[in-house]
Amino acid sequence: MPETDARIFKAGPRCGIVRRMVLAGFFGTILLAGLILGDWFHFTSLTAPSSRYGCGIARVEDRLPLASLAVVMDRFDRNGLLTLPHGVARFFREEKRIVLRPQYQLFSLKFRTAWPMKGSIELEPEGDATKLTCVKQIPWSSALLTLLWFAVVGVGTVGFTISFLASGGFTSFSGLVMGLGITGLGLLVLAFGLTTVSLAYRLENQRLTEVYHELRAALASDRPRPL
């Protein structure tokens, strides 16, 4: 067999493997994007099955004095909806639960981060008052991808430092500079990620808190029931 034909024969299987890997990565990316979109759609839906869907990150208890459960129910329309200045709430009578979600309008400065937040509020009658238990939630995909990112960067940085130290990389000046530089870069990436997540949480929590105060004021008011 000529040398050129032998090279083509050897390169053929490799090209096939590369093509399969590229196709697998392409379809895997599409599948991952579909799962994330489906997770976000289910998270933002104002339906009974989606009312408790999401990763709980905080829990707040409150009380509405002089507002019984019947009074709270009368604040919502026949579809269980209550439109607020900066959000929307939906009440599910059978579950005695309210789903609270901020609104994001187009062409405004209120952009949505990768960690949107909603509230799932459980109602419990207490005589002439109502106890509110609000669970703040974010999409499962946002929580899992964030944890995975921090785990990869953190474990990668620590693993490199340990392996570089075990192999004696810090014994020379050039090795010391390179090791400290790579370790510092990993720590800088971790700090940037923590700052981003912290700022996003404060922003989304502020939005949800604003809508919660609007809901609480509407439930405690004496305005007539919407049609």
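Refer to the preceding data block for the structure.
Residues numbered from 1 in each chain as written. Predicted model: local features only at pLDDT ≥ 70, side-chain atom pairs only at ≥ 80, totals over all residues. Heavy atoms only, no water.

Draft legend 1. Quick look at the packing of helix 3 (residues 140-166) against helix 4 (residues 173-220). Packing of helix 3 against helix 4 leaves a shortest axis separation of 10 Å and a crossing angle of 165°. Accordingly, the angle class assigned to the pair helix 3 and helix 4 is roughly antiparallel. At the point where helix 3 passes helix 4, the crossing takes the left-handed sense. Contacts between helix 3 and helix 4 involve Thr146, Trp149, Phe150, Val153, Gly154, Thr157, Phe160, Thr161 and Phe164 from the first element and Gly175, Met178, Gly179, Ile182, Thr183, Gly186, Leu187, Val189, Leu190, Gly193, Leu194 and Val197 from the second. For the contact of helix 3 with helix 4, the per-class residue count stands at 12 nonpolar, 9 polar and no charged. (Axes fitted to C-alpha atoms, helices over the stretch in contact; angles between N-to-C directions. Helix = DSSP H or I, 4+ residues; strand = E, 2+ residues; numbered from the N terminus. Parallel < 35°, antiparallel > 145°, perpendicular 65-115°, else oblique. Left-handed = near helix turned anticlockwise from the far one by under 90°. Contact = heavy atoms within 4.5 Å. Nonpolar A, V, L, I, M, F, W, Y, C, P; charged D, E, K, R; others polar.)

Draft legend 2. Inspection of the packing of aromatic side chains at higher detail. Per the stated rule, a full pass over the model turns up 3 aromatic pairs. Note on Phe160 and Phe164: the rings are 5.3 Å apart at their centroids and 25° apart in plane angle, and the pair reads as stacked. On the criterion of helical spacing, the pair formed by Phe160 and Phe164 is a turn pair, its members being 4 residues apart in helix 3. Of the residues examined, Phe164 reaches a relative accessible area of 11% and is grouped as buried. A cation over an aromatic ring shows up here: Lys118 above the ring of Phe43, its NZ or CZ 4.7 Å from the ring centre. (Phe/Tyr/Trp six-rings, centres within 6.5 Å; stacked < 30°, edge-to-face > 60°. Buried < 20%, exposed > 50% of the residue type's maximum accessible area, 1.4 Å probe, protein only. Lys NZ or Arg CZ within 6 Å of the ring centre and 35° of its normal.)

Draft legend 3. Fine view of the pattern of salt bridges. Counting across every chain of the model gives 5 salt bridges. Its salt-bridge partner being Glu122, residue Arg52 comes within 3.8 Å of it at the nearest N-O pair. Residue Arg52 is found in the loop between helix 1 (3-44) and strand 1 (55-64), and its partner Glu122 is found in strand 5 (residues 118-126); the two are separated by 70 residues along the sequence. What makes Glu122 partly exposed here is its relative accessible area of 24%. The closest approach of N and O atoms between Glu204 and Arg207, which form a salt bridge, is 3.3 Å. (Salt bridge = Lys/Arg side-chain N within 4 Å of Asp/Glu carboxyl O.)

Draft legend 4. How the structure looks around the sheet that holds strand 3 (residues 87-92). Sheet architecture is open: 6 strands sit in the order 1-6-5-4-3-2, paired in antiparallel fashion. Each edge of the open sheet carries a strand with a single partner, namely strand 1 and strand 2 (81-84). Sheet twist, expressed as the average angle between the axes of neighbouring strands with direction ignored, equals 20°. Bridge count for strand 5 against strand 6 (residues 129-138) is 9 bridges, and the pairing is antiparallel. Residue Glu126 lies in a different strand from strand 6, and its bridge partner there is Ala129. In the packing of helix 4 onto the sheet, the strands contacted are strand 1, strand 2, strand 3, strand 4 (97-102), strand 5 and strand 6, and the crossing angle to strand 4 comes to about 130°. (Pairing = 2+ DSSP bridges.)

Draft legend 5. How the structure looks around the side chain of Lys136. In this fold, Lys136 is placed in strand 6. Buried within the structure, Lys136 lacks any salt-bridge partner; Asp62 is the closest side chain of opposite charge, at an N-O distance of 11 Å. Within polar-contact distance, the side chain of Lys136 engages the side chain of Asn205 at 2.6 Å. Once residues within four sequence positions are removed from consideration, Lys136 is found in contact with Cys55, Gly56, Ile57, Ala58, Val60, Met117, Lys118, Asn205, Leu208 and Thr209. (Lys, Arg positive; Asp, Glu negative; His and termini not counted. Polar contact = N/O pair within 3.5 Å; in protein donor to acceptor, adjacent residues only side chain to side chain.)

Draft legend 6. Highlighting the pairing of strand 2. A one-sided burial pattern is seen for strand 2, the buried positions being Leu82 and Leu84 and the unburied ones Leu81 and Thr83. Where strand 2 and strand 3 come together, 4 bridges link them in antiparallel fashion. When the bridges of strand 3 are listed, Leu82 appears paired with Ala89. Hairpin connection between strand 2 and strand 3: a loop of 2 residues separates the two successive antiparallel strands.

Draft legend 7. Focus on the nonpolar core. Formed by 22 residues in total, the largest nonpolar core has its most connected members in Phe76, Ile98, Leu100, Ile121 and Leu215. Breaking this core down by element, the ones donating at least two residues are helix 2 (69-73), strand 2, strand 3, strand 4, strand 5, strand 6 and helix 4. The element that contributes the greatest number of residues to this core is helix 4, accounting for 6 residues. Judged by nonpolar contacts, the second largest core, of 5 residues, contains Cys55, Trp115, Ile138 and Ala143. (Core = buried A, V, L, I, M, F, W, Y, C linked by side-chain atoms within 4.5 Å.)

All we've got here are geometric facts, nothing functional implied.
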